[in-house]
Amino acid sequence: MATFREGSERRQQILEIAAQLFARKGYRGTSMRDIGKETGVLGGSLYHHIRSKDALFVELHNNALDAAAKRITLAIETAEEPWARLEAACVTLLEIQLDPDSLTLPMMNDFREVPQAIREQLIIRRDRFEDMFRTLVDALPLPPHIDLQLYRVLLLTQLNKAGDWYRSGRLSPGDIARQIVSVFRHE
């Protein structure tokens, strides 16, 4: 019987396959049996190494957020001006969200199907991820009558929902992100 240490190649393979299944079939449409079948690991063995479907989904969700946060942090490092920093973060997030091979979008946004207790964990973690955007928005030279929380929520909603309507072609994800920031820019 194979052992799945935290960093083992086999465990990583199981996580990748599970993420693809969740992205394709959703939380409710993916079973541990599906994951076992796709990975070639029998159900009992899979449960021995992965506590539950809920725990697996939370881990994959958090991994997706961590990877996105790292990319955004790298993107904003060189920008000094607040609008340039926001634009770099938005371009990076939209590139992640609209990448056809990205598992981040479904992992970050598929909360409707998960049980309430799991949804609460995901929302707490997503809120921590969004702190990055809270900091970026707080640094903007916006008029005092603009509610910064509402501004941030509307901005992130535009970015996170672009996958619902985006079709590749005329504008790249980066172009769209820059247009969104331009629409949101107040001076």
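The structure we're discussing is the one just above.
Residue numbers restart at each chain and count upward from 1, following the sequence in its written direction. In view of the model being predicted, local features appear only for residues whose pLDDT reaches at least 70, and side-chain atom pairs are presented and counted only at 80 or more, with totals across whole chains, interfaces and linings using the full set of residues. The basis for every side-chain value is the complete set of heavy atoms in the structure, and neither hydrogens nor water enter the calculation.

**A look at the pattern of salt bridges**
Here, a salt bridge means any side-chain nitrogen of Lys or Arg that lies within 4 Å of a carboxyl oxygen of Asp or Glu. In this structure the tally under the stated criterion is eight salt bridges. The residue R11 makes a salt bridge to E59 at a minimum N-O spacing of 3.0 Å. Highlighted residues: R11 in helix α1 (residues 9-29) and E59 in helix α4 (residues 53-76), separated in sequence by 48 residues. Any residue under 20% of the maximum accessible area for its type is buried, any over 50% is exposed, and the rest in between are partly exposed; the area is computed with a 1.4 Å probe on protein chains only. What makes E59 partly exposed here is its relative accessible area of 22%. Put simply, R126 and E130 hold a salt bridge, and the shortest N to O gap is 3.5 Å. You can see R126 and its partner E130 sitting in helix α7 (residues 116-138), four residues apart, about one turn around the helix. Judged by its relative accessible area of 12%, E130 is buried. Each of R126, D127, E130 and R152 takes part in one network of salt bridges that share partners. Counting from the N terminus, the helices are DSSP H or I runs at least four residues long and the strands are E runs at least two residues long.

**A short note on the packing of aromatic side chains**
Two rings belonging to Phe, Tyr or Trp (six-membered ring only in the last case) form a pair when the distance between their centres is within 6.5 Å. Interplanar angles under 30 degrees mark stacking, angles over 60 mark edge-to-face geometry, and anything in between is tilted. Taken as a whole and assessed by the stated rule, the structure comprises five aromatic pairs. When the centroid spacing of 5.3 Å and the interplanar angle of 80 degrees are considered together, the rings of Y27 and F57 count as edge-to-face. Remark: F57 occurs in helix α4 and Y27 occurs in helix α1; sequence separation between them is 30 residues. By the burial criterion, Y27 is buried, and F57 matches it. What links up through ring pairs into an aromatic cluster is the set F22, Y27 and F57. Criterion for a charge above a ring: Lys NZ or Arg CZ within 6 Å of the ring centre, and within 35 degrees of the ring normal. Positioned above the aromatic ring of Y27 is the side chain of K53, whose terminal nitrogen or guanidinium carbon lies 4.3 Å from the ring centre.

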